[in-house]
Amino acid sequence: MELHNEKKERSSLDIILSKDAIVEKYLRMALKNPGVPFKYNHVTFINIKRLYDFIVDNVNATTVDFEEYLNEVIQSEGCYELCSWQTRSRRPECIYFERKDDVDEESGDVIRIEITF
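In this text the structure is predicted, and so the values were computed from the model without any measurement.

About the criteria used
Residue numbering note: each chain is counted from 1, following its sequence as written. In view of the model being predicted, local features appear only for residues whose pLDDT reaches at least 70, and side-chain atom pairs are presented and counted only at 80 or more, with totals across whole chains, interfaces and linings using the full set of residues. The basis for every side-chain value is the complete set of non-hydrogen atoms in the structure, without hydrogens or water. What counts as an axis is a line fitted to C-alpha atoms, over the stretch in contact for a helix, and the angles between N-to-C directions run from 0 to 180 degrees. Only DSSP runs of H or I covering at least 4 residues are called helices, and only runs of E covering at least 2 are called strands; the numbering of each starts at the N terminus. In what follows, roughly perpendicular refers to angles from 65 to 115 degrees, roughly parallel to angles under 35, roughly antiparallel to angles over 145, and oblique to any angle outside these ranges. The hand of a helix crossing depends on one turn: near helix anticlockwise from the far one by less than a right angle means left-handed, and clockwise means right-handed. In what follows, residue pairs with any heavy atoms lying within 4.5 Å of each other are defined as contacts. Residues are grouped as follows: Ala, Val, Leu, Ile, Met, Phe, Trp, Tyr, Cys and Pro are nonpolar; Asp, Glu, Lys and Arg are charged; every other residue, Gly included, is polar. If DSSP finds at least two bridges between two strands, the strands pair. In summary, the pairing rule links any two rings of Phe, Tyr or Trp, Trp by its six-membered ring, whose centres are within 6.5 Å, and it sorts them by plane angle into stacked for under 30 degrees, edge-to-face for over 60 and tilted for everything else. A patch consists of residues whose relative accessible area exceeds 30% and which take part in no salt bridge; residues with like charges are grouped when within 9 Å of each other, and nonpolar side chains (Val, Leu, Ile, Met, Phe, Trp, Tyr) when within 5 Å. Exposure was quantified through the Shrake-Rupley algorithm and a 1.4 Å probe, taking into account, for residues, occlusion by the shown protein chains and nothing else. Only one rule defines a salt bridge in this text: a Lys or Arg side-chain nitrogen within 4 Å of an Asp or Glu carboxyl oxygen. By disulfide we mean two sulfur atoms from cysteines, separated by a distance within 2.5 Å. Here's how the labels work: a residue is buried when its accessible area is under 20% of the maximum for its type, exposed when over 50%, partly exposed in between, all with a 1.4 Å probe on protein chains only.

Visitor: When you look at the packing of helix α2 (residues 48-58) against helix α3 (residues 66-74) in this model, what are you seeing that I'm missing?
Guide: The description of two packed helices rests on the angle between their axes and on the distance between the axes. Relative orientation of the contacting elements α2 and α3 amounts to 115 degrees, with a least axis distance of 11 Å. When the axis of α2 is compared with that of α3, the two are roughly perpendicular. α3 is crossed by α2, and the crossing has right-handed handedness. Every residue of α3 that contacts α2 at I48, L51, Y52 and I55 is listed here: F66, Y69, L70 and V73. Counted by class, the contact of α2 with α3 contains eight nonpolar, no polar and no charged residues.

Visitor: Mind showing me how you'd approach the sheet that holds strand β2 (residues 38-40) here?
Guide: Ordered by their spatial adjacency, four strands build an open sheet running β2-β3-β8-β7, and the pairing between neighbours is mixed. For this open sheet the edge positions go to β2 and β7 (98-103), each flanked by a neighbour on one side alone. For this sheet the average axis-to-axis angle between neighbouring strands, irrespective of direction, equals 15 degrees. Pairing of strand β3 (residues 43-46) with strand β8 (residues 110-116) involves four bridges; the strand directions are parallel. Within the sheet, the bridge partner assigned to I46 lies in β8 and is T116.

Visitor: Looking at this model, I keep getting lost on the packing of aromatic side chains. Mind explaining?
Guide: What characterises a pair of aromatic rings is the spacing of the ring centres plus the angle enclosed by the ring planes. Under the criterion given, the structure shown has six aromatic pairs. Of the aromatic side chains, those joined through ring pairs into one cluster are F38, Y40, F45, F97 and F117.

Visitor: I keep staring at a nonpolar patch on the surface and nothing clicks. Help me out?
Guide: Together, I22, Y26 and M29 give the surface a local cluster of nonpolar side chains, amounting to about 320 Å² of exposed area. Examined against the element boundaries, I22 turns out to sit in helix α1 (residues 21-32).

Visitor: Any chance you could explain the state of the cysteines here in plain terms?
Guide: Between two cysteines, a covalent bond joining their sulfur atoms is known as a disulfide. A full pass over the atoms with the stated rule returns one disulfide. In this model, C79 is linked to C94 through a disulfide, with the two sulfur atoms separated by 1.7 Å. Of the two residues, C79 is situated in strand β5 (residues 79-82) and C94 in strand β6 (residues 93-96); the sequence distance between them amounts to 15 residues. Note on C79: relative accessible area 25%, which makes it partly exposed. Distance from the sulfur of C83, which forms no disulfide, to the nearest cysteine sulfur (C94) is 11 Å. Judged by relative accessible area, which is 33%, C83 ranks as partly exposed.

Here it is, written out as structure tokens:
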């Protein structure tokens, strides 16, 4: 089942959502229902379909491991940027998001993250 937009003619783009079958199942559900939050470890993504579309529209590759992009976004603060060598346009492309961190008051560790696209 293809999730990316057929009219964009990305038939040469192979997207691996996750190597973990359970993560892939829930990620696929979140992509089909953008209003449904996707929980990935201690991170909740809201409207993850927007990130998926950004990757499909901009990445210059034949195979994409979407879970790797999720991990990179988690390490980002408010903007995830594809470098110029990663994009079809050969210019840096950025997707902005809102990030909320819940921090444990005693330890100072981040215990939950919410990312909204």
